[in-house]
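Fold and contact review
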Amino acid sequence: ESSIKNERFVLVAENIDFKRLLQNIAKVLKKPVPSKSLKPWMLTFGWAVQTMGSGLFGTKRQITRSSRKGLFEVSRYDSSKIKEKLGFEFRSVEKSIEKTGAIFLREKN
């Protein structure tokens, strides 16, 4: 219903880190909050093992160079453009996790 055409928008409610994301998910699913932090060297070791395994046994690697980098790199996104041009308001990540978690728990039982 808008006259806006051929524009791109960043659709992100907020910028949060993986730690907070996983804490929120654990809380909603009534699971223990992760207590150990993944260190960059651990991921590098896992990547090396998977790389050797894929070469020797033809297995598919789960950890890529870009995923390894992305887990420890801070990226910030700005959704102010869609808010200003369309008056769009996002549901918070916490509320989205609560809603999705409730559906998951209900369907699981």
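Presented here is an overview of the structure given in this document. What you are looking at is a predicted structure, and each value in this text was computed from that prediction instead of being measured.

**Examining the packing of aromatic side chains**
All told, the structure shown has 1 aromatic pair when counted by the stated rule. Residues Phe 88 and Phe 90 carry aromatic rings whose centres are separated by 4.8 Å and whose planes lie at 70° to one another, so their mutual orientation is edge-to-face. Owing to a relative accessible area of 23%, Phe 90 belongs among the partly exposed residues under this scheme. Lying across the ring of Trp 47, Arg 68 places its NZ or CZ 4.4 Å from the centre. Looking at Lys 81, its charged tip hangs above the ring of Phe 9, at a distance of 5.0 Å from the centre.

**Considerations on the environment of Ile 82**
Turning to its location among the elements, Ile 82 is positioned in helix α4 (residues 80–86). Ile 82 sits in the buried class, given a relative accessible area of 7%. In this view, Ile 82 contacts Phe 9, Val 10, Leu 11, Gly 87, Phe 88 and Phe 90; residues no more than four positions away in its chain are not counted.

**Side note on helix α2 (residues 40–57)**
Here α2 spans 25 Å end to end across 18 residues, near enough to the 26 Å set by a 1.5 Å rise per residue. Taken residue by residue, α2 has Leu 43, Gly 46, Trp 47 and Gly 53 as its buried positions. For α2, the arc enclosing every buried residue in end-on projection is 130°, short of the 170-degree limit, so these residues lie on one face. Residues of α2 that are exposed and point over 90 degrees away from its buried face: Trp 41, Phe 45, Met 52, Gly 55 and Leu 56. Tucked inside the fold, the buried residues of α2 contact α3 (65–72). Of the residues flanking the end of α2, it is Gly 58, one or two places downstream, whose phi is positive at about 70°.

**Considerations on the environment of Val 49**
Checked against the element boundaries, Val 49 lands in helix α2. Overall, Val 49 belongs to the partly exposed group, its relative accessible area being 41%.

**Here we look at the packing of helix α1 (residues 18–28) against helix α5 (residues 93–108)**
To characterise two packed helices, one gives the angle between the axes of the helices and the distance between these axes. The interhelical angle for the contact between α1 and α5, taken along N-to-C directions, is 35°, at an axis separation of 9 Å. Along this stretch, α1 crosses α5, giving a crossing that reads as right-handed. Listed contacts from α5 to Leu 21, Asn 24, Ile 25, Lys 27 and Val 28 of α1 are Val 93, Glu 94, Ile 97, Glu 98, Gly 101, Ala 102 and Leu 105. When the residues that make up the contact of α1 with α5 are grouped by side-chain class, the tally is 7 nonpolar, 2 polar and 3 charged.

**Topic: the environment of Thr 51**
Along the polypeptide, Thr 51 turns up in helix α2. Here the alpha-carbon distance between Thr 51 and Lys 39, two residues 12 residues apart in the chain, equals 19 Å.

**Quick word on the pattern of salt bridges**
Scanning all chains against the criterion turns up 6 salt bridges. Ionic pairing is found between Lys 69 and Glu 73, a salt bridge with its closest N-O pair at 3.8 Å. Each member of the salt-bridge network shares a partner with another, and the members are Glu 7, Lys 81 and Lys 85.

The rules behind each value
Residue numbers here run from 1 along each chain, matching the order of that chain's written sequence. Residues qualify for local features only when their pLDDT is at least 70, as the model is predicted, and side-chain atom pairs are given and counted only at 80 or more; totals for whole chains, interfaces and linings, by contrast, use all residues. Each side-chain value is worked out from all heavy atoms of the structure, with water and hydrogens disregarded. Stacked, edge-to-face and tilted labels apply to pairs of Phe, Tyr and Trp rings (six-membered ring for Trp) whose centres lie within 6.5 Å, assigned for plane angles under 30 degrees, over 60, and everything in between, in that order. Accessible area is worked out with a 1.4 Å probe on protein chains only. A residue is then buried under 20% of its type maximum, exposed over 50%, and partly exposed in between. When the NZ atom of lysine or the CZ atom of arginine is within 6 Å of a ring's centre and also within 35 degrees of its normal, the charge is said to sit over that ring. Numbering of helices and strands starts at the N terminus; helices are DSSP runs of H or I of at least 4 residues and strands are runs of E of at least 2. Residue contacts follow a heavy-atom distance rule, with two residues in contact if any of their heavy atoms lie within 4.5 Å. Helices are assigned an expected span. That span is 1.5 Å times one less than the residue count. Each direction from the helix axis to a C-beta atom contributes to the arc, which is the arc of those directions. To get an axis, fit a line to the C-alpha atoms, keeping to the stretch in contact for a helix; angles then go from 0 to 180 degrees between the N-to-C directions. Each helix crossing is assigned a hand: it is left-handed if the near helix lies turned anticlockwise from the far helix by less than a right angle, otherwise right-handed if that turn is clockwise. Classification used: nonpolar for Ala, Val, Leu, Ile, Met, Phe, Trp, Tyr, Cys and Pro, charged for Asp, Glu, Lys and Arg, polar for all others including Gly. The term salt bridge refers to a side-chain nitrogen of Lys or Arg lying within 4 Å of a carboxyl oxygen of Asp or Glu.

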